[in-house]
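Breakdown of the fold
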Amino acid sequence: MRAAVLRNGHMIYRDDVPEPIPEPGQVLVGVRSCGICGTDLHFADHGADMLALTDQITGDSGGVHVDLSRDVFMGHEFSAEVLEAGPDTETYPPGTPVTSIPVLLSANGIEPILTSNSTIGGYAERMLLSAPLLLPIPNGLDLKHAALTEPMAVGLHAVNKSNIAPGETALVLGCGPIGLAIIATLAARGIETIVASDFSLKRRELAGTMGAHQTLDPAQGSPFDTIKPAVVFEAVGVPGIIDDVMLRARPGTRLVVAGVCMQADTVHPFFAIAKEISVQFVLAYHPDEFADSLRAIAEGDIDATPLITGEVGLDAVGQAFDELAEPEQHCKILVSP
């Protein structure tokens, strides 16, 4: 079977991956589309650091034992079609378009479909999914668009955690895929003033397309010189951003941190203390938010199409990883096996 795998920090094409065989409760699916996520890019560049930091939290890498000296399977933003059910497994008929939260239930327990030496992800022709977790893709939704369910769910979760209310102004710092997903969710929720900030002209334009009412170039001055938001969404993930927000934000601001910063950062707690700023870090989403995200895309509440700026086959995933380092060129590249 064909797949793209991470090897020594680079995505490599293989045509000799063993076919996955479904166990009871599992379903073999044919991958139709899989988005390249910022988490994948982070892991390619900082895999050892990510595993080490996770190990500090849990003591066992969160149950994710990844050997970076071996090939690593990735790809967790996928749409697929049912091919075959495992033994004694009831599921949807073959040919049914489906997606799922990226988790595989097996005899070994719960296996994240994220980074693994054995659990195949969406950068492959075929993969295994859990029958109880399958969601049929409704309304004849294009499977390329359905693959955006996962990143849109991340944005939905961040907005839900913010408790933003009608009449409040939102500022989104960083207009990569997650920042854009946050903007789209805010717009669908009817937030009247959504401001987006990014150095990239292309991404500011995408922010406007996804629903931002105003876009700002931070090279021309701090966004806080222009607006005084009630809620700030940080979707940049570089050192210094959180501290700068706490310094410049107005009293009572709610800061939601969705950006993944891989370096140690320094903040001045006094800034937040003096202004009673609330800081909420967020990760991923709940299963019901994943389902809500799929419904919103399928019913047209959110048009995620503008996020797609490229499409490649399995043999060009490595090149796509390199191209995504340039924000003026791409936002979301889909892999179509």
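Per an unreviewed UniProt entry, the protein chain goes by Alcohol dehydrogenase and derives from Mycobacterium haemophilum.

**A few points about the overall build of the protein chain**
Broken down by element type, the protein chain carries nine helices and 17 strands. In summary, the protein chain has a C-alpha radius of gyration of 20 Å against a globular reference of 20 Å for 337 residues, a match within 12%. In terms of principal-axis extent, the alpha carbons of the protein chain reach across some 60 × 40 × 35 Å. Burial statistics for the protein chain: of 337 residues in total, 51% are counted as buried.

**A closer look at the pattern of salt bridges**
Tallying each qualifying case throughout the model produces 13 salt bridges. Where salt bridges share partners, they join Arg-7, Arg-14, Asp-16 and Asp-71 into one cluster.

**A few points about the pairing of strand 11 (residues 193-197)**
Along strand 11, four of the five residues are buried, which leaves the element largely enclosed by surrounding structure. Of the strand pairs in this sheet, strand 10 (residues 169-173) and strand 11 are connected by five bridges, and their pairing is parallel. From the neighbouring strand, Leu-171 faces strand 11, where its bridge partner is Val-195. Regarding the hand of the β-α-β motif, the stretch spanning strand 10, helix 4 (residues 177-188) and strand 11 is right-handed. Crossover strand 11 to strand 12 (residues 214-216) through helix 5 (residues 201-210) is right-handed.

**Here we look at the packing of aromatic side chains**
Per the counting criterion, the structure on display carries two aromatic pairs. An angle of 80° between the planes, with centres 6.3 Å apart, marks the rings of Tyr-123 and Phe-321 as edge-to-face. One end of the pair, Tyr-123, is in the loop between strand 7 (109-112) and strand 8 (126-130); the other, Phe-321, is in helix 9 (residues 317-323), with 198 residues separating them in the sequence. Judged by relative accessible area, which is 9%, Phe-321 ranks as buried. Ring centres 5.7 Å apart and planes at 40° place the aromatic pair Tyr-285 and Phe-290 in the tilted group.

**With respect to helix 6 (residues 241-248)**
Those residues of helix 6 lying buried are Ile-242, Asp-243, Val-245 and Met-246. Along helix 6, the residues classed as buried sweep out an arc of 160° about the axis, all on the same side. Close packing links the buried residues of helix 6 with strand 10, strand 13 (231-234), strand 14 (254-257), helix 7 (269-275) and strand 15 (278-281).

**Description of the domain arrangement of the protein chain**
In many reports, interface size means the accessible area that the parts give up when they come together. By the assigned domains, the protein chain splits into domain 1 (3-136 + 304-335) and domain 2 (151-281). Distance from the C-alpha centre of domain 1 to the C-alpha centre of domain 2: 28 Å. The partner domain 2 presents 14 residues to the 16 residues of domain 1 that form the contact. Across the domain 1/domain 2 interface, buried area totals approximately 1,300 Å², and carbon plus sulfur atoms make up 73% of it. Per-residue buried area on domain 1 facing domain 2 is highest for Leu-307, Glu-328 and Cys-331; these three make up 35% of the total on that side. For the interface between domain 1 and domain 2, the tally reads zero salt bridges. The tally of links from domain 1 across to domain 2 stands at four residue pairs in polar contact (both at pLDDT 80 or more). Sorting elements by how many residues they give to the side of domain 1 that touches domain 2 places helix 1 (residues 38-58) first, with five residues. Classifying every residue of the side of domain 1 that touches domain 2 by side-chain character gives seven nonpolar, five polar and four charged.

**What about the packing of helix 3 (residues 149-162) against helix 8 (residues 287-298)?**
Remark: helix 3 packs on helix 8, axes separated minimally by 8 Å, with the N-to-C direction vectors making an angle of 115°. Viewed along their axes, helix 3 and helix 8 adopt a mutual orientation that is roughly perpendicular. Handedness of the helix 3/helix 8 crossing: right-handed. Facing Thr-149, Glu-150, Met-152, Ala-153, Leu-156, His-157 and Asn-160 of helix 3, the residues of helix 8 in contact are Glu-289, Phe-290, Asp-292, Ser-293, Leu-294 and Ile-297. Its residues placed into classes, the contact of helix 3 with helix 8 shows six nonpolar, four polar and three charged.

**Focus on the packing of helix 4 against helix 5**
Contact geometry of helix 4 with helix 5 gives a least axis separation of 8 Å together with a crossing angle of 25°. Between helix 4 and helix 5, the angle is such that the two are roughly parallel. Of the two elements, helix 4 crosses helix 5, and the hand of that crossing is right-handed. Contact with helix 4, carried on its side by Leu-180, Ile-183, Ala-184 and Ala-187, involves Arg-203, Leu-206, Ala-207 and Met-210 of helix 5 and no other residues of that element. Among the residues making up the contact of helix 4 with helix 5, the classes are represented as seven nonpolar, no polar and one charged.

**A word on the nonpolar core**
Core analysis: the biggest nonpolar cluster contains 45 residues, and Met-11, Ile-36, Phe-43, Met-74, Tyr-123, Met-127 and Phe-321 have the highest contact counts within it. Tallying contributions element by element places strand 3 (residues 26-35) first for this core, with five residues. Contacts of Phe-321, omitting those with residues within four sequence positions, involve Met-11, Ile-36, Asp-40, Leu-41, Ala-44, Met-74 and Tyr-123. Grouped together as the second largest cluster of nonpolar side chains are 40 residues, Val-159, Phe-233, Ala-298 and Ile-302 included.

**A closer look at helix 3**
Over its 14 residues, helix 3 runs 20 Å from end to end, which matches the ideal 20 Å to within 8%, given 1.5 Å per residue. Taken together, the buried positions of helix 3 are Thr-149, Glu-150, Pro-151, Met-152, Ala-153, Val-154, Gly-155, Leu-156, His-157, Ala-158, Val-159 and Ser-162. Positive backbone phi, at 55°, marks Asn-163, one or two positions downstream of helix 3.

Reading guide: rules and limits
- Residues numbered from 1 in each chain as written.
- Predicted model: local features only at pLDDT ≥ 70, side-chain atom pairs only at ≥ 80, totals over all residues.
- Heavy atoms only, no water.
- Helix = DSSP H or I, 4+ residues; strand = E, 2+ residues; numbered from the N terminus.
- Rg over C-alpha atoms; globule rule 2.2 N^0.38 Å.
- Buried < 20%, exposed > 50% of the residue type's maximum accessible area, 1.4 Å probe, protein only.
- Salt bridge = Lys/Arg side-chain N within 4 Å of Asp/Glu carboxyl O.
- Pairing = 2+ DSSP bridges.
- Right-handed = clockwise from strand over helix to strand, strands pointing away.
- Phe/Tyr/Trp six-rings, centres within 6.5 Å; stacked < 30°, edge-to-face > 60°.
- Arc of directions from axis to C-beta.
- Contact = heavy atoms within 4.5 Å.
- Domains from an automatic or database assignment.
- Buried area = accessible area lost by both parts, 1.4 Å probe.
- Polar contact = N/O pair within 3.5 Å; in protein donor to acceptor, adjacent residues only side chain to side chain.
- Nonpolar A, V, L, I, M, F, W, Y, C, P; charged D, E, K, R; others polar.
- Axes fitted to C-alpha atoms, helices over the stretch in contact; angles between N-to-C directions.
- Parallel < 35°, antiparallel > 145°, perpendicular 65-115°, else oblique.
- Left-handed = near helix turned anticlockwise from the far one by under 90°.
- Core = buried A, V, L, I, M, F, W, Y, C linked by side-chain atoms within 4.5 Å.
- Expected span 1.5 Å × (residues − 1).

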